[in-house]
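One-letter residues, chain by chain:
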Amino acid sequence: MNQGHPHYLNQLSCGLDLVSLAGEWVTASANTNMFTYEIAPVFILLENVVLRKMREVIGYKGGDSILCPGGTVSNINAVLCARYKHFPECKTKGVHGLPCQPVLFTSEHSHYSIKTAASAAGLGTDNVVEVKTDAKGKMIPEELEKQIVACLNYEGPVKKKPFFVNCTCGTTVLGAFDPVEPIANICAKYGLWLHIDAAWGGGLLLSEKYRAERFLGVERADSVTWNPHKLMGCLLQCSTVHLKEDGILMNCNQMNAEYLFQDDKQYYDCRFDTGDKVIQCGRHNDIFKLWLMWRAKGMSGFRRHIDGLMATAEYMTEQLKADTSGRFVLLWPEPECVNICFWYVPTRLRSSIKSNLTWPSKPVQQDLGRITAQLKSRMMNTGTLMINYQPQGDTPNFFRAIISNPAVGRDDVDFALAELDRLGHDL
Ligand SMILES: *Cc1c(COP(=O)(O)O)cnc(C)c1O
């Protein structure tokens, strides 16, 4: 599989950045572990510099961060920190020691890793409340508050205790942004931990324009997940989680293993050791490839990179809107990220399509859902194009094209649309 090919629009992380690749080769050659400063001094300093920069971009003053093996683990770390903050006794006594059931809130379109985190943290997936989203896939703040109040009023043998709200900035399928400011207001009102899952959308923080439009209030969050291996095009894996409060990562996870961490070392300051802050022991060097890439591009280069992806995605949306042949139905006419969701319509069904912005009747949707899967098979067998598809809620299968590789140009978008038609018109 050549995921760096510009006709590969299948995955959130794709493309092959050559500077990042060079960094990965150096990393592999150095082959060191990130748990102590003693054995990775330069790489630890690079982590400090890059993570501080990312916190500055978020708008944190101070704070702490760590690189994780993927956004899922970043989200797990955020849930663990929140659990530690609200129920510190969990670290030693476990959740059985609690007089209440901690409850988490997340939107019905959020990533499944919030449930993974609830399960892994011993809180249980039944204690994850899925909050309704609006027609654009954004969490409805009034629904969130309603659910929180319902939990507070719950009268069972064990009381429920809301403590964590996940606000997704860039949902995995639609690329929708939950409204940060109103959700932050609700968290402040009820004293809840606010986490922002920007694993996908985080790259837009680098663009002045999109930061202002999508992330208003982001600095109010207690924690933020942000994957440079997605929109920023860094090689896999590179995921970060940022905490507003310094010290909480360490207090939450510290076990003081004597064989690794000796605070009487006289040749450096042991506060540079990172190994006791995380639920891992050994940790891969994921920073060098990102640092090198950032050095090569600079802030202005990254801004151009992100704005360029958004411009190509907007071009694809415009092409789909401008097409009046009945070949496409755009599910959401104004994507907020680089996810473009659409149905392809073969010739025999075009007479039942009112416009390329109007959802067809349910039976036609079912038909289009089946056609989507068949067309994907044709793509795979031909080997000329790759676009992911999925159902969402009760909406049958539709395509989700992703523009997260800067090598994808307008001519590639034109090719993709023509190729869909070439492969699928007779389905
Ligand atoms: C991709 C994604 C994740 C998970 O990240 P991994 O690096 O694949 O573990 C979490 N949340 C959102 C919104 C995502 O898009």
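In this report, we go over the structure that sits alongside the text. Just so it is clear, the model here is predicted, and its values are computed rather than measured.

What counts, and where the lines are drawn
Residues numbered from 1 in each chain as written. Predicted model: local features only at pLDDT ≥ 70, side-chain atom pairs only at ≥ 80, totals over all residues. Heavy atoms only, no water. Near = heavy atom within 4 Å. Polar contact = N/O pair within 3.5 Å; in protein donor to acceptor, adjacent residues only side chain to side chain. Areas by Shrake-Rupley, 256 points an atom, 1.4 Å probe, with all protein chains shown as cover. Helix = DSSP H or I, 4+ residues; strand = E, 2+ residues; numbered from the N terminus. Nonpolar A, V, L, I, M, F, W, Y, C, P; charged D, E, K, R; others polar. Buried < 20%, exposed > 50% of the residue type's maximum accessible area, 1.4 Å probe, protein only. Pairing = 2+ DSSP bridges. Axes fitted to C-alpha atoms, helices over the stretch in contact; angles between N-to-C directions. Contact = heavy atoms within 4.5 Å.

Thoughts on the site of the ligand
Around the ligand, the surrounding shell holds 15 residues, and the nearest of these are Gly 71, Thr 72, Thr 172, Asp 197 and Lys 230. Between the ligand and the protein, one listed contact pairs an oxygen atom with a side-chain N or O atom of Thr 172 at 3.1 Å. In isolation the ligand offers 380 Å² of accessible surface; the protein chains occlude 85% of this area. Looking at the shell around the ligand, the element that brings in the most residues is helix H3 (residues 71–86), giving three residues. Here the residues of the shell around the ligand sort into three nonpolar, 10 polar and two charged.

Here's the deal with the pairing of strand E8 (residues 239–243)
Counting buried positions over the five residues of E8 gives five, a clear majority of the element. Neither face of E8 is exposed, since Ser 239, Val 241 and Leu 243 on one face and Thr 240 and His 242 on the opposite face are all buried. Both strand E2 (residues 64–68) and E8 contribute to a ladder of five bridges, which runs antiparallel. Its bridge partner being in E8, Leu 67 is matched across the sheet by Thr 240. Pairing between strand E7 (residues 223–226) and E8: four bridges, direction antiparallel. Opposite Val 224, over in E8, you have His 242 as the bridge partner.

Regarding the sheet that holds E7
The seven strands are arranged E2-E8-E7-E6-E5-E3-E4 in an open sheet whose pairing can be described as mixed. Looking at which strands have only one partner, the edges of the open sheet turn out to be E2 and strand E4 (128–131). For this sheet, the mean angle separating the axes of adjacent strands, direction not counted, is 20°. Relative to the sheet, helix H2 (residues 41–58) contacts E2, E7 and E8, its axis offset from that of E8 by approximately 65°. Across the face of the sheet, helix H5 (residues 113–120) comes into contact with strand E3 (100–107), E4 and strand E5 (159–168) while running at roughly 165° to E4.

Considerations on the sheet that holds strand E12 (residues 395–402)
The strand order E1-E11-E12-E10-E9 describes an open sheet built from five strands, whose pairing is mixed. The sheet terminates laterally at strand E1 (8–9) and strand E9 (328–330), the two strands that pair on one side only. Across the face of the sheet, helix H11 (residues 362–382) comes into contact with strand E10 (339–344), strand E11 (386–392) and E12 while running at roughly 45° to E12. Together, E1, E9, E10, E11 and E12 form the strand contacts of helix H12 (residues 410–424), whose direction differs from that of E10 by roughly 25°.

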